[in-house]
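Analysis of the macromolecular model
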Amino acid sequence: MGVAMRNRETAAGWAYHDATKHSFQSVRHNAHFLDWPNKPLPFKIYTTLDRIELPREVPPLDMPALEAISSGEWGAGSGEWGAEEKTIFPTPSLKDLAQILYYSAGITKIKNYSGGEIMFRAASCTGALYEIELYLVCGDLSGPEAGPEADLEAGVYHFSPHDFSLRRLRADDYRGVIGRATAGESSVIHAPVMIICTGVYWRNAWKYQARTYRHFGWDNGTMLANLLATATALNLPARVVMGFVDEDVNRLLNLDTDREVAFSMVSLGRTSAPSPEAPAEIEQLVLETEPLSPSEVDYPAMREMHAASSLDDEDEVRQWRGAMPEPKNPPPQGQLIPLKPLGADRMSREGIGSVILKRGSTRRFARGGSVSFEQFSTLLYRSMQDIPADFLDAGAPHLNELYLIVHAVDGLQPGAYALDRDKWAIELIKAGEFRKEAGYLGLEQALPAAAAATIFFVADLNAIFERFGNRGYRAAQLESGIIGGKMYLAAYAQGFGATGLTFYDDDVIEFFSPRAQGKSAVFHIAIGKSAKRGMEVISG
Ligand SMILES: Cc1cc2nc3c(=O)[nH]c(=O)nc-3n(C[C@H](O)[C@H](O)[C@H](O)COP(=O)(O)O)c2cc1C
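Residues numbered from 1 in each chain as written. Predicted model: local features only at pLDDT ≥ 70, side-chain atom pairs only at ≥ 80, totals over all residues. Heavy atoms only, no water.

Its location among the elements puts Asp173 in the loop between β6 (165-171) and α5 (175-181). Side chain to side chain, Asp173 and Arg175 meet in a polar contact 2.7 Å long. Excluding residues that lie within four positions of it along the chain, Asp173 makes contacts with Cys138, Gly139, Ala154, Pro276 and Pro279. (Helix = DSSP H or I, 4+ residues; strand = E, 2+ residues; numbered from the N terminus. Polar contact = N/O pair within 3.5 Å; in protein donor to acceptor, adjacent residues only side chain to side chain. Contact = heavy atoms within 4.5 Å.)

To characterise two packed helices, one gives the angle between the axes of the helices and the distance between these axes. Contact geometry for helix α8 (residues 212-233) and helix α17 (residues 471-493): axes closest at 6 Å, N-to-C directions at 45°. In terms of axis orientation, α8 runs oblique to α17. In this structure, the crossing between α8 and α17 has a hand that is right-handed. Residue-level inspection shows Tyr213, Arg214, Gly217, Trp218, Asn220, Gly221, Thr222, Leu224, Ala225, Asn226 and Leu228 of α8 in contact with α17, the latter providing Tyr473, Arg474, Gln477, Leu478, Ser480, Gly481, Ile482, Gly485, Lys486 and Leu489. The residue inventory of the contact of α8 with α17, partitioned by class, reads nine nonpolar, nine polar and three charged. (Axes fitted to C-alpha atoms, helices over the stretch in contact; angles between N-to-C directions. Parallel < 35°, antiparallel > 145°, perpendicular 65-115°, else oblique. Left-handed = near helix turned anticlockwise from the far one by under 90°. Nonpolar A, V, L, I, M, F, W, Y, C, P; charged D, E, K, R; others polar.)

The next thing to look at is unusual backbone geometry. Between Ser513 and the following residue, Pro514, the backbone shows a cis peptide bond with an omega angle of 15°. Looking at where Pro514 falls in the secondary structure, it is placed in the loop between α18 (505-511) and β18 (520-528). Look at Trp424: it is not a glycine, yet its phi comes out positive at around 50°. By the secondary structure assignment, Trp424 is in the loop between β14 (415-420) and β15 (425-431). Residue class for Trp424 comes out partly exposed when judged on its relative accessible area of 21%. (Buried < 20%, exposed > 50% of the residue type's maximum accessible area, 1.4 Å probe, protein only.)

Attention now moves to the nonpolar core. Across soluble globular proteins, nonpolar side chains show a tendency to be buried alongside one another. Counting residues in hydrophobic clusters, the biggest one holds 156 residues, and the most contacted among them are Phe376, Leu380, Ile426 and Ile455. With 13 residues, α17 is the largest single contributor of residues to this core. Every residue in contact with Leu380, bar those within four places of it in the chain, is listed here: Leu339, Leu402, Leu404, Trp424, Ile426, Ile455 and Met487. (Core = buried A, V, L, I, M, F, W, Y, C linked by side-chain atoms within 4.5 Å.)

To continue, consider the sheet that holds β14. Pairing is antiparallel across the open sheet formed by seven strands, whose spatial order is β10-β15-β14-β12-β16-β18-β17. Bordering the open sheet on either side are β10 (336-338) and β17 (497-500), each of which pairs with just one other strand. Between one strand axis and the next, the sheet turns through 30° on average, direction left out of account. The pairing of strand β16 (residues 453-459) with β18 spans seven bridges and is antiparallel. Within β18, the residue paired with Ala453 across the bridge is Ile527. (Pairing = 2+ DSSP bridges.)

Turning our eyes to something else, we now look at the packing of aromatic side chains. Scanning all chains against the criterion turns up 24 aromatic pairs. Ring geometry for Tyr213 versus Phe216: centroids 5.5 Å apart, planes at 50°, classification tilted. Of this pair, Tyr213 and Phe216 both sit in helix α8, separated by three residues, roughly a single helical turn. When sorted by exposure, Tyr213 lands in the same class as Phe216, which is buried. Here the aromatic cluster, defined as three or more aromatic residues joined through ring pairs, consists of Trp14, Tyr16, Tyr201, Tyr213, Phe216, Phe263, Phe465 and Tyr473. Sitting over the face of the ring of Phe434, Lys430 holds its NZ or CZ atom 5.6 Å from the ring centroid. (Phe/Tyr/Trp six-rings, centres within 6.5 Å; stacked < 30°, edge-to-face > 60°. Lys NZ or Arg CZ within 6 Å of the ring centre and 35° of its normal.)

Take a look at the structure:
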């Protein structure tokens, strides 16, 4: 048992969740405005560290996107990356890392607006504010074509998308620190590289205030959808790890935890040699970074939620890991319609690299533009496969369930549905035209009303808090972002569009009740044919 076990005091988790709900009233009573001269810089820039340029000439990634997003082959196993493994031990080369970082968090498009330039990234992100940073903790890395010198020496690095470089914070092999912080998670102790994702509060809270802690999960998740798919296409095992002693990881990255915190990590590759013992002392560094804004506003509710969902020691991490019990869902009441996903021979074979470069958020859907039931089924089926993660054993239930409002899917009656993931079928909840309602639920925006369908993620937070404590809240948000990120890719791979959306929390649950009663809204994404590009608006 942890000393404090603050993770088990779930009143704190509920307090954060309830205080950050959107409602018809709350958006009208919020006096917040966007302070443009104070808009944060979307990059963390270390001003004194040398730049290590990443290779830019990398081969395209040809594995079909629909396969890459849905393959659990490499990482989804039991997590026992045991000694009896006869497989090769893949270590990422610097080129592999460059591809992974580029396709997850790299700058893929630059657009000019009257307000200035926006550098769009590979994964979608609320408000294009890009508050998630990536760090690497690795041993010496040498690719197959490397000479006697390592491609990259062991160390702790920060990834800088603005100049596509790494910057080294610490030299030496610190993987043992992460091994210990994750209580010896087997994918971690055999990983040549750990990628650690952090969230920078102010960068996103400038617009979204205290709701940003939810956004950490969403925006980290869409990035991980790309990352996992890229790793799959490169044949590298990857596994998401959310159970770790926060303080140890944050100290290694030298974070000022009032401003930036580690949120998730991914073990990448596999070596036969476990990582060496961690150095006993982690020296505190003095590293300058460019200020984000002239001034920053603190939202204590997020720091409180972070502290309340922190794990304090290895025992607590060990207990935390593992899956949810099977939910006791009532038997289906409505008509069940089996999904009809396209087989590998009929589905789009567009490569994951090209789909990521094409992806963007649809700014306007073509009203009346429909997608076929097979395409819609393919999107649901491919994006809802197992995710390799320490809170999701293979075959275990996801933390999020899907509720759908269908407007224009060929061959499907318009109406509200729920996905039955065990049967790969959708259950009709109520038939009818719900465009107006969908627009309202998506914070009165036109996008979910005009889309072909809009998808709400709903979670049983009572059960999640019970199993995982407050940390389960982080996991539920992250999982929703991973699945949402896969949906973006599944849509673009099939020639239509998607956009993440925010929502009126309680109204979503009411709309889908009684089936959704007692559960909580977590995420929202609309899909459909894009209209001709018009005026671009960056919101949400
Ligand atoms: C979780 C999530 C919620 C979002 N919510 C909204 C929204 O409510 N309204 C909107 O217009 N765009 C929304 N977006 C889209 C973002 O504005 C968009 O991802 C960002 O501007 C980056 O652009 P890109 O996705 O085209 O790369 C959302 C994106 C995500 C990932």
